[in-house]
Structure formats: C-alpha cells, structure tokens
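# Survey of secondary and tertiary structure
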Amino acid sequence: MRIVEVILILLAAAAGAGAFAFIAWTHRLKHVFPKRGEIKIVNPGGLWSGIAEVVFQTKVIANRPVAGFFHLLIFYGFVSFGAKSATHFLNGVLGLEHPIPLGPLDYLIDVMSVLVLAGVVFMAIRRYTVMRQRLTHMLESGLVLLLIGTLMLTYIMERPWGGDLGLVGTAAKVNWWVHFLILCGFPSLIAYGKHFHLLMGPINVVLKHMVEKPGDRFVSGGDFDMGDDDATEEDFEAELARVGMPNGVSDFSFHTLFDPAACIECGRCNDACPSADAGLKPRDHFVLAFRNPATTGEQLAELAPPDIISTCTQCRACDTVCPVGNRPSKAGLELRGRMTADGIYPPPALKETGANPVGATGNIFAADPSDRATFIEENEIPIFDHGEHDVLFALGCQGSYSPEGRKVVVATSALLKAAGVKFGVLEDETCWGEGLLHGGGIFEEWPVYKEMQVEALDMAMDEKRDKLVLTICPHCRDNIGVQLSAAAEKMGKSPFDNVVSHVGFLSGLVGDGKLKVSAKAEEVAVHHPCKTIHHDEQGTFDGLLKTAGVTGKTAGDSPRIPRCCGGGGGGFLWDSPAKVSKNRFQQIMAETHQKKIVTGCPGCHRMLTVAKDEETELADIAVILQERVEGAEPTAR
C-alpha cells in the first residue's frame, strides 16, 4: 500500500507541475517569450530598488492601505509556505506520522497561517460587498480565496498545538491529501487566471526598475524609415507593417505583452486616470486588451477605441500607482503609434488642430513666423552663434508665439543675462513635434520632418554637440533629447545629450551663486508638470521655490502621483472631451485655497489659463525668480 500511495503522490505532483507548465506557456507566455530580446537593462542598480519594492510591498500598501495590508499578508503567506509545501510533499512520500519540523520557521508560519486566514476572510467580505460592482473574474477570485483559506485550515489542523493535539490516523491522512491535492491543482488555476500576478508581478516590478530611467520614452513608429531612392513599394509596405499591427496584438513589444500576465486587475490605474470621465480605463484599454495574442487589429480597435485612447495625457499616474510594475501609459503610447501606422488614428479633431497647422506654418498656432522674429528683436534676445555662445535657447512653439510662453522666455533670458550666460536662440525655429508625435498626429510627416529638425540643429551647432540646449518646455526637451537623438543616431550622427530644462538649469545657476536670489515670502498653489515628475525634477522645482521664499501648496497626491493639466500626449493641441484641465484647476482651488498658481511648463500654463477663473493668476518658476534676482528686470513686450 505504501508503494501505491507513493506512486499516487508522485503522479499527482507530476500532473500538477505539468498542467501548470502547459497552461502558463500556452495561455500566458508563449507569445511573449520570443520577444525577450527586447529587454534592455539600462539601470542595473534598479535591481535593488525593485527587490525592495517587492519585499516591502510599498505600491501594494500605497493608496489603499487597509486592503494593501491584507494583500501583503497573503503575499508573504504565499512566500513563507513555499518551504512548508516542500516538506509537506516529503512528509507524504516518507510516510511520516507528523509534519517535518522546520524549527523556528514553524512558529513564524503558524502566525502567518492565522494572519493569512484573516486576510482571506477580509478580502472575501470586501470583494463581495463594497467591491462587488468592480470585481472581475468573480468566480475565479472566490475559488482562489477558498483554496487559500482551505490550505491555511488544513495546515492549522495538522499542527500539534501545545503538544500532540494535531490530527492523527485516518483524519490526518485525509487532511494531508486535501492539502496536497490543493497544492497540486492550485498552480494551474493561478496560471490560467488573473492570479498569475503572484508569480509574474515581482518579476515585472524588478524589470520596471531596471529597463527604464526617468525621462521620455521612445514613440512607436518614430523610427519609421522611408528608405532611399532605390526602395521599392514592397520595402515601404514591409516597413509600414513593422511599425503597425497587421498581426494584431502579437505585433506589440515585450513589455506591452508581459504586463497582462502581471496585472492584478485591482483597478488602481483606472482610479488614477485623469481622463476617466471621458471613458478611458488604462487597465482595460492598455493592459487587458493585450491579454489574448490572437486578438486582431480590428478587434483591438474595438477593445481600445481610438476616440477614447486619444484622451490619454501620458501623465503616467497609472504607472505610478500600479502595484505590480505595469506601465499602461507606455502600452498606450505604443498602441497609438501602431494604430497611426494602420491609418485608424488619430481622430480627425486631433489631426486638424495638430499636424495640419504645423505642416502649413511650422508651429501649432499657425502663426506667421515673422511675428516670432519681431518678438525676439523687441526683447533684445541674441541669435545663437556657435563660436560665441555656450547655450542654444530653444523657445518652442509656445515660447515663440503664445503670450504666456513669451513671458517665460523673457524672464529666463533676463536670468541668463544676469548670470552672465552666453546664449542665443535660433533665427528660425519650427515645432519640435512632441505633442504631435506623442499624440499620434504627425506620422505622415515625421520620417522627413525629424531629419529636417536634426539638420537644423546641426547647422546652428556647427555639426557639434559641445553646446547646451536649453528649453522652457519639457515637451521640447523630451523630443530633442530622445526622439530627435534617436533620429540623429540613425542618420549616423551623435545624439543630443546636452538638453536641459530651465528648471534644472536655473537651479544650477542659483546653486553656483551666479544668480543672487532675495527671498520674498509668498504663499502659492503649485502645479508640478508631469514631465518634471517624469525626470525626477520635482525636488529641484520645490528647491527653487524655497530659495525664493515661496511656500507652495499642492493638490491631490502631487508630486508623488502626477496630477495632469490635460496637456500631455497631444492634449494641448485640441479640445479633448476629457476636460482634464477644468478638473485639475478645480482640484487646485478646492484644496489649496490660493489665487496664484506656479508651474514650470508652458503647456500646463496654457491648459490652466483656459480653465481658470478671472481672479486666479498663473506664473512660471522663471518669473518667480526674475522678481527676486538683482539685474533681472525686463518684462515682456
């Protein structure tokens, strides 16, 4: 009988392991594994910060501390019972009457078993009462909780509490088999459903820290190559297919396809999304839509409708709150790029107010370029000379043409002059294209446009990269520093590595003592631009305010979680139905009770200007410093 029992144990274990491997591979990972070569480690030190996030479960607890705490208990129960499950298997194979002791670990697991059981009860009550309307996979969730609870109960019943009080004889044997069979079948259930995140989530968290540094992201389709004069129609179609989605979901990148395997489906990303009122759901549109590799491009467009995903502002709030390392906004950026290649994106409204004006006049306002020349001349801003100047000051569309942006240009110019910085601006400057590219509206022009922009910079900088490129707009900074750098490298040129924002550059001038700031006490509301947060410059921004004697009050969870003005992802190019700017302004007013808002991005300035009331004033960080620095007195004309 012992031999038969051992054979049954081994067969059950083999069947469970085989079923798990088969389901995990065919159902979840088979289409992802071939793309593993796309994993690029750019931040090896992120290994430790990723491990720390997993160990301490910081993102799980953040935002939902009570539910997060019980998730934490279940996670550590999952981890701590790994060793115990191995001994449970050996206990049956060896035919021992009592569990194999693990010393002090047994007492830790005893405590964990009770805590996990409490966590299961809490989660069951919560999911089927207050969270019932939001719960996905209701039957699966209930079954998983039931199995976890049963594992805890069977473990508790086999333990000799206070002596030899555990189950013995037939009762002990039945209890052991119930526990063991659950252990054999549970992994297959996990592999099939959303609870696969128990295994994939920790891996994804660590990967997130290692494959991405703060800053901008490559835009899918941004490397589209028109080919040379000898390129055939077939070459063009093949290139279009490479950046599009002729095979549907299976064409997408490793990270976009891996995220669904790690998704906990908690909905935190949906809660954080500023475009939720317009129907955007990052979990559904940017993660779960990619779960089935057989989904075609047409089906994907139904799961993630172009008119809805166009409202994504690329603020990355969804990425920030995700407890398992998913980056829905990155998948959304890729989705919009591939849809553009397939001709089903962007919506006409975004194209008409974005790409069309730039194509006609070179700027998003469709303004006469001579107006920019007049502005530069009237404010005595020098034209860049590579032999004379150290800094090329890129104004961007908003710095060149919008009244709000011009104030920032004049203030920044005054500060540069006060600090003795030798700088100049381009005599002719066209849109750097960030809003269009991130919004998906410049695809048709981009292959040629990007090369023209690289050539324009090269002509001004004498084909060198020894000068600093300064911007007042973080959107311009990103497109020059990331997208145009990639284009330059593809053209056989060096990237533009020395592109900085005025926030960081002015902070350096203050720190070096080149700008003498006289502190003047003032209370204001602060709106941290999302892109300032993406580049980890929110501390720099706040440091400048502190130096100026300004006390800033923030609204929402900003800057820990980006709270967007609505201008990102091409949002400042059109009248998005999401109305994010209005919601953000109202949030700032309700929570800070201030009538002056300070920001550090002309895009934010523009969006909040449209949404604000007449009594509220908007100012850029450069204007705040200009008011407090000796020798920096010019005002916009």
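Residues numbered from 1 in each chain as written. Predicted model: local features only at pLDDT ≥ 70, side-chain atom pairs only at ≥ 80, totals over all residues. Heavy atoms only, no water.

## Thoughts on a nonpolar patch on the surface
Basically, it comes down to this: Patch rule: a residue counts if its relative accessible area is over 30% and it has no salt bridge; like charges are joined within 9 Å, and nonpolar side chains (Val, Leu, Ile, Met, Phe, Trp, Tyr) within 5 Å. Method for areas: the Shrake-Rupley scheme with a 1.4 Å probe, in which residue coverage is limited to the protein chains shown. What counts as a salt bridge is simple: a side-chain nitrogen of Lys or Arg found within 4 Å of a carboxyl oxygen of Asp or Glu. Secondary structure elements follow DSSP: runs of H or I no shorter than four residues count as helices, runs of E no shorter than two count as strands, and numbering proceeds from the N terminus.
A contiguous nonpolar surface patch, about 490 Å² in accessible area, is contributed by I3, V4, I7, L8 and L11. Examined against the element boundaries, I7 turns out to sit in helix α1 (residues 2–29).

## Digging into the pattern of salt bridges
Threshold: For every residue, the accessible area obtained with a 1.4 Å probe (protein chains only) is divided by the maximum for its type, and the residue is called buried under 20%, exposed over 50%, and partly exposed between those limits.
All chains considered together, the criterion is met by 34 salt bridges. Close ionic contact of R291 with E265 constitutes a salt bridge, the shortest N to O distance being 2.8 Å. Remark: E265 occurs in the loop between α10 (254–262) and α11 (268–272) and R291 occurs in the loop between α12 (282–287) and α13 (297–303); sequence separation between them is 26 residues. With a shortest N-O distance of 3.6 Å, R477 and D478 are connected by a salt bridge. R477 sits in the buried class, given a relative accessible area of 6%. Take D478: its relative accessible area is 1%, and that puts it in the buried class. By sharing partners, the salt bridges in this structure join D216, E434, R477, D478, K531 and E537 into a single network.

## Looking at the sheet that holds strand β2 (residues 423–425)
Our working rule: At least two DSSP bridges between two strands are required for those strands to pair. An axis is simply a line fitted to the C-alpha atoms; with a helix, the fit covers only the stretch in contact. Between two such axes, the angle follows the N-to-C directions and lies from 0 to 180 degrees. Two residues form a contact once any of their heavy atoms are found within 4.5 Å.
The four strands lie next to each other as β2-β1-β3-β4, forming an open sheet whose pairing is parallel. In this open sheet, the two edge strands, each paired with only one partner strand, are β2 and β4 (499–501). Averaged over all pairs of adjacent strands, the angle between their axes in this sheet comes to 30°, without regard to strand direction. Bridging between strand β3 (residues 468–471) and β4 involves three bridges; their strand directions are parallel. Its bridge partner being in β4, T471 is matched across the sheet by S501. Along the sheet, helix α24 (residues 474–490) contacts β1 (391–394), β3 and β4; its crossing angle with β4, the most-contacted strand, is approximately 165°.

## Here we look at the nonpolar core
To keep it simple, the criterion reads: Here, nonpolar core means buried Ala, Val, Leu, Ile, Met, Phe, Trp, Tyr and Cys residues that are tied together by side-chain atoms lying within 4.5 Å of each other.
Ranked by size, the top nonpolar core spans 101 residues in total, and within it F186, F290, L335 and I480 carry the most contacts. Core analysis: the second largest hydrophobic core is formed by 39 residues, I376, V410, A419 and V421 among them.

## Comments concerning the environment of R126
Position of R126 relative to the elements: it lies in helix α5 (residues 104–127). It is 52 Å that separates the C-alpha atoms of R126 and K407, two residues lying 281 residues apart in sequence. When neighbours within four sequence positions are excluded, R126 is seen to be in contact with R64, A67 and M131.

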